[in-house]
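# Inside the fold
Here is how the chains run, residue by residue.
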Amino acid sequence: MNDSTEPNLTPPHPGSKGAAIVTRLSILFKRMPDLRTKRTPLLVLVATSAVAAIAIATLGVMLSSQVGATNDVQAEFTTKSDNYDSLRSDWSKQNDTISGLRSKVGAAELREEELTAAEAALTARSSALDTREGEIQGAEDVIAANTFAGDGTFRVGTNIQPGTYSSDGGSNCYWARLNATGDDIIDNNLSSGPAVISVQSSDGLIKTSRCAPFTKSG
């Protein structure tokens, strides 16, 4: 019994709860009687053993708590690590989606530019056609103004203008220059070949029958 040695406890990392407990136990053991130098009553030995057992049990509980806390931290770290990997995977998928959308936007913008160019070309073409149509319409209006039918009655100055008009004529082609009321014949002709009428500003009416259209030639 007198050869027992003083317990040697190695304190854990400074700042931990275990360090405080070990420090208190060390102080407690230092205060215990020195069993090598004097005889110790049995009651004291029992009390000392009980205190030591309680201290060791408390230390075990604290260490177990620390191990449990460490396991909890490690488990939390693993969960967060898994969450991070999942978020990173989602981010990669979103990045691929964004890249695909950017590609589609680029293609759409290129298509829009092509459509704009095509629309401009169509507008220019339409403008040119409108100009050409106007020119044709103008020519047709000139022809219409300088042409009258081979069957009908036309008022000079309103339906036709003075001038020389030619026709391919026809079988029994008849024309007549009349006064304003149509009662007097100024000039007339009946032929089966080409016909020419010299319409004067003093004429009132021109009457044609069974002739090809007359066109102003001078």
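## Some words on the packing of aromatic side chains
As enumerated under the stated definition, the model contains 3 aromatic pairs in all. Ring geometry for F148 versus F154: centroids 5.1 Å apart, planes at 55°, classification tilted. For the ring pair F148 and F214, a centre distance of 5.1 Å and an interplane angle of 10° mean the geometry is stacked. Remark: F214 occurs in strand β8 (residues 214-216) and F148 occurs in strand β1 (residues 147-148); sequence separation between them is 66 residues. For the pair F148 and F214, one class covers both residues: buried. Ring pairing ties together the aromatic residues F148, F154, Y165 and F214, which thus form one cluster.

## Quick word on the pattern of salt bridges
Counted according to the given criterion, the structure contains 5 salt bridges. Between R177 and D187 there is a salt bridge; the shortest N-O distance is 3.9 Å. Placement of R177 in strand β4 (residues 173-178) and of D187 in strand β5 (residues 185-191) is noted, with a sequence separation of 10 residues between them. Given a relative accessible area of 32%, D187 falls into the partly exposed group. A single salt-bridge network, built from bridges that share partners, covers R177, D187 and D203.

The rules we used
- Residues numbered from 1 in each chain as written.
- Predicted model: local features only at pLDDT ≥ 70, side-chain atom pairs only at ≥ 80, totals over all residues.
- Heavy atoms only, no water.
- Phe/Tyr/Trp six-rings, centres within 6.5 Å; stacked < 30°, edge-to-face > 60°.
- Helix = DSSP H or I, 4+ residues; strand = E, 2+ residues; numbered from the N terminus.
- Buried < 20%, exposed > 50% of the residue type's maximum accessible area, 1.4 Å probe, protein only.
- Salt bridge = Lys/Arg side-chain N within 4 Å of Asp/Glu carboxyl O.

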